[in-house]
Protein chains: 2
Amino acid sequence: MKRSERLVAMTHYVLDRPRVLISLPFFSSKYDAAKSSISEDLGIINKMFQSEGIGYLETVSGAAGGVKYVPAFSKEYSEFFVGQLCERLEDPERLLPGGYLFMSDILGDPEVTRNIGRLFASAFSDKEIDVIMTVATKGIPLAYAVASYLNVPVVIARRDPKVTEGSTVSINYVSGSTRKIQTMVLTKRSLQEGSKVCIIDDFMKAGGTIMGMRSLLKEFNAEVAGIGVLAEAEDEEEERVVDDYLSLVQIMNADDRQASIEVRPGNLLSHI
Amino acid sequence: MKRSERLVAMTHYVLDRPRVLISLPFFSSKYDAAKSSISEDLGIINKMFQSEGIGYLETVSGAAGGVKYVPAFSKEYSEFFVGQLCERLEDPERLLPGGYLFMSDILGDPEVTRNIGRLFASAFSDKEIDVIMTVATKGIPLAYAVASYLNVPVVIARRDPKVTEGSTVSINYVSGSTRKIQTMVLTKRSLQEGSKVCIIDDFMKAGGTIMGMRSLLKEFNAEVAGIGVLAEAEDEEEERVVDDYLSLVQIMNADDRQASIEVRPGNLLSHI
């Protein structure tokens, strides 16, 4: 196989397996090339990933060593992407009664959710994360996008148990905005004790839902390793009960009667 | 930029944009290379994608022409993947009361859902599809995976309307298995009239839920362009009401009292 062909195959191979450690001997035998050639190839791939702003190859030395692709967006691209998102969201047509914002079109675009996933994965790249958790329904595509770039599984809490899930652990929590008591369940066998969990959701006002997920994780003796939300908004009634989170955008002064809204970058950008 | 570097960058660029038409002049100016060199590069990429079994570059000729990456799994890999899936599912430990099967661990693995998405995208690659539809909750990761490889948006029907969605269209349908009347809603502005829709879900017994989505699509004057389910199972009580679907696996003789189950490849493999 020529170097040019090998580079195409290897580029796909590492892109398809983020954060998986791949040994040089593996590549060497897969593509039937000397280790020194493979080493040079990986140098070229690493250089180009960085110049394209999509991450880098991390080299792990030693006998059990190799390389792994760490997806990360460049600061420039992250700022550009978040700026674009703010513009798209800052449309009074999106305002729904109660100060909520219609975002289903944005969440329904797989390219956008992929990029959001890549941004969160960049921001959480220094954390040890075993699993991504979200609660049905809107956070699910974001959770999978983040999980896909961090190469960890997803668990989904629900508001109601289902026959297709087996036995569950359930907790009650107080919704921050409506002050109603709500229930959240998680299938028992979906999460191992002691897991380090990153919580991902689409929207946060007072943070009651996030607190609900936190309580649920306590039941599994699991640890919250990070919290990421696509959009945070102020709640006029309630003070926020969660403070250690990253947000992509911040919704300010949403007023459906005045048809006015302001959307600014959230605090995630300062972590990239 | 050297050819070797350009190949890494171009490979990533096309992989990240499945089914997007990219013109030669665009590549030529982006990577500052002659059109003839770009053309050769694309030839190498196409050859390698095919030999790696991940799809091919389709060439569209003419003034508005270019290339697009069509993701597709090779028949060999598809058979291997489905075979593996059958083995993983054919575990009596997975049996839940009522002949349901625990699949959340498999659906929670982003690599598996991505591969399932790529398989469905391969099988539906000759259909004209504008949008993927599913119903909350379990089908969502599969719907996004398929959508991501077909480069179309996702719409999600729900069992109950939510304040964060705006006005909805709702229908009632009869669940095939339980014969209960159920409701399904879809946000009005999430789907355009006349769309060609591919329905994706995780599980199908009699097919009542799929029929529900069909009725909902009728309200939007939308057309069903394809139906794909991860697993189909027999329903002892009800005859199947849907017949034009593709399934990845087929669950036979699930019996939680006898702790026995059989899982075979579905009909999708014959469409690859």
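A quick note: this is a predicted structure, and the numbers were derived from the prediction, not measured. (Residues numbered from 1 in each chain as written. Chains lettered and ligands numbered in written order. Predicted model: local features only at pLDDT ≥ 70, side-chain atom pairs only at ≥ 80, totals over all residues. Heavy atoms only, no water.)

Engineer: Looking at this structure, how should I read the overall build of chain A?
Structural biologist: Within chain A one finds 8 helices and 12 strands. Each of the three principal axes of chain A carries a C-alpha extent, and together these read 65 × 45 × 30 Å. The burial tally for chain A puts 56% of its 272 residues in the buried class. Treating the 30 positive side-chain charges of chain A as one cloud and the 38 negative ones as another, the clouds have centres 7 Å apart. (Helix = DSSP H or I, 4+ residues; strand = E, 2+ residues; numbered from the N terminus. Buried < 20%, exposed > 50% of the residue type's maximum accessible area, 1.4 Å probe, protein only. Lys, Arg positive; Asp, Glu negative; His and termini not counted. Charge placed at Lys NZ, Arg CZ, Asp CG, Glu CD.)

Engineer: Help me out: how do you make sense of the interface of chain A and chain B in this one?
Structural biologist: Interface extent is often summarised as the accessible area lost during association of the parts. Each side of the interface is counted separately: chain A has 52 residues, and chain B has 52 residues. Of the roughly 4,600 Å² buried between chain A and chain B, counting both surfaces, carbon and sulfur atoms make up 60%. Across the chain A-chain B interface, the total number found is 4 salt bridges. Close ionic contact of Lys47(B) with Glu5(A) constitutes a salt bridge, the shortest N to O distance being 2.4 Å. Scanning the region where chain A abuts chain B turns up 14 residue pairs in polar contact (both at pLDDT 80 or more). Every element with two or more residues in the side of chain A that touches chain B is listed here: helix H1 (3-15), helix H3 (35-52), strand S4 (100-101), helix H5 (104-107), helix H6 (110-123), helix H7 (140-150) and strand S6 (154-157) of chain A. No other element matches H1(A), which puts 8 residues into the side of chain A that touches chain B. Considered class by class, the residues forming the side of chain A that touches chain B number 27 nonpolar, 11 polar and 14 charged. (Contact = heavy atoms within 4.5 Å. Buried area = accessible area lost by both parts, 1.4 Å probe. Salt bridge = Lys/Arg side-chain N within 4 Å of Asp/Glu carboxyl O. Polar contact = N/O pair within 3.5 Å; in protein donor to acceptor, adjacent residues only side chain to side chain. Nonpolar A, V, L, I, M, F, W, Y, C, P; charged D, E, K, R; others polar.)

Engineer: It is not clear to me how the domain arrangement of chain A should be interpreted in this structure. Could you clarify?
Structural biologist: Residue and element names in this part refer to chain A. Parsing chain A into structural domains produces domain 1 (3-71) and domain 2 (75-271). Taken together, the contact pairs 6 residues of domain 1 with 7 residues of domain 2. Note on domain 1 versus domain 2: buried area summed over both sides is about 580 Å², and carbon and sulfur give 52% of it. It is Pro18, Arg19 and Pro71 in domain 1 that bury the most area against domain 2; as a group they hold 75% of the surface buried on that side. The tally of links from domain 1 across to domain 2 stands at 1 residue pair in polar contact (both at pLDDT 80 or more). Its residues placed into classes, the side of domain 1 that touches domain 2 shows 5 nonpolar, no polar and 1 charged. (Domains from an automatic or database assignment.)

Engineer: Sorry if this is basic, but what is going on with the environment of Met133(B) here?
Structural biologist: Residue and element names in this part refer to chain B. Turning to its location among the elements, Met133 is positioned in strand S5 (residues 131-135). Judged by its relative accessible area of 0%, Met133 falls in the buried class. Spatially, the C-alpha atoms of Met133 and Tyr245 are 14 Å apart, while their sequence positions differ by 112 residues. Beyond its immediate stretch of four places on either side in the chain, Met133 contacts Val155, Ala157, Leu186, Val197, Cys198, Ile199, Ile200, Met213, Leu216 and Leu217.

Engineer: I'm lost on the relation of the copies chain A and chain B in this one. Help?
Structural biologist: To go from the first copy of the chain to the second, apply a rotation about an axis and then a shift along the same axis. Of the transformation superimposing chain A on chain B, the axial component is 0.0 Å and the angular component is 180 degrees, with the fit at an RMSD of 0.0 Å. Taken together, the rotation and translation describe the operation of a two-fold axis. When the interface residues of chain A are mapped onto chain B, 98% of them are again interface residues, pointing to one common binding face. (Least-squares fit on C-alpha atoms with pLDDT ≥ 70 in both.)

Engineer: When you look at the pairing of strand S10 (residues 223-233) of chain A in this model, what are you seeing that I'm missing?
Structural biologist: Remark: a regular strand shows side chains that alternate across the two faces of the sheet. Residues and elements named next belong to chain A. Of all 11 residues in S10, 9 are buried; the element is thus mostly enclosed. Note: strand S9 (residues 196-204) against S10, 8 bridges, orientation parallel. Looking at the pairing, Asp201 lines up with Val229 of S10. Taken together, S9, helix H8 (residues 208-219) and S10 constitute a β-α-β crossover, and its handedness is right-handed. Bridge count between S10 and strand S11 (residues 246-255): 5 bridges; the pairing is parallel. Bridge pairing links Gly228 to Leu246 in S11. (Pairing = 2+ DSSP bridges. Right-handed = clockwise from strand over helix to strand, strands pointing away.)

Engineer: In this structure, what is going on with the sheet that holds strand S10 (residues 223-233) of chain B? I would like to understand it.
Structural biologist: Within a beta sheet, neighbouring strands are joined by backbone hydrogen bonds and run either parallel or antiparallel to one another. Residues and elements named next belong to chain B. Pairing is mixed across the open sheet formed by 6 strands, whose spatial order is S6-S5-S9-S10-S11-S12. Every interior strand has two partners, whereas the edge strands, strand S6 (154-157) and strand S12 (260-265), have only one. Each strand of the sheet is rotated relative to its neighbour by a mean of 25 degrees, with strand direction disregarded. Against the sheet, helix H8 (residues 208-219) touches S5, S6, strand S9 (196-204) and S10, its axis set at about 160 degrees to S9. (Axes fitted to C-alpha atoms, helices over the stretch in contact; angles between N-to-C directions.)

Engineer: Whenever I open this one, the pattern of salt bridges confuses me. Can you help?
Structural biologist: Pairing between side chains of opposite charge can happen when the charged atoms of each approach one another. Residue and element names in this part refer to chain B. Scanning the model with the defined rule gives 20 salt bridges over all chains in all. The shortest N-O distance in the salt bridge between Glu128 and Lys196 comes to 3.9 Å. Taken together, the positions of Glu128 in the loop between helix H6 (110-123) and S5 and Lys196 in strand S9 put the pair 68 residues apart, joining distant regions of the chain. On the basis of relative accessible area, Glu128 is assigned to the exposed category, the value being 57%.

Engineer: Looking at this model, I keep getting lost on the packing of aromatic side chains. Mind explaining?
Structural biologist: Each aromatic ring pair is specified by the distance between its two centres and by the angle formed by the two planes. All chains considered together, the criterion is met by 20 aromatic pairs over all chains. An aromatic cluster of three or more residues is present, and its members are Tyr13(A), Phe26(A), Phe27(A) and Tyr31(A). For Arg17(A), the ring lying beneath its charged end belongs to Tyr13(A), and the centroid distance is 3.7 Å. The ring centre of Tyr100(B) lies 4.8 Å from the NZ or CZ of Lys205(B), which sits over that ring. (Phe/Tyr/Trp six-rings, centres within 6.5 Å; stacked < 30°, edge-to-face > 60°. Lys NZ or Arg CZ within 6 Å of the ring centre and 35° of its normal.)

Engineer: Please explain unusual backbone geometry as it appears in this structure.
Structural biologist: Thr137(A) follows Ala136(A) through a cis peptide bond whose omega is 15 degrees. Along the chain, the position of Thr137(A) falls in the loop between strand S5 (131-135) and H7. Even without being glycine, Asn151(B) reaches a positive phi, approximately 55 degrees. Position of Asn151(B) relative to the elements: it lies in the loop between helix H7 (140-150) and S6. Residue classification places Asn151(B) among the partly exposed positions, given a relative accessible area of 35%. For Ala259(B), which is not glycine, the phi torsion reads 55 degrees and is therefore positive.

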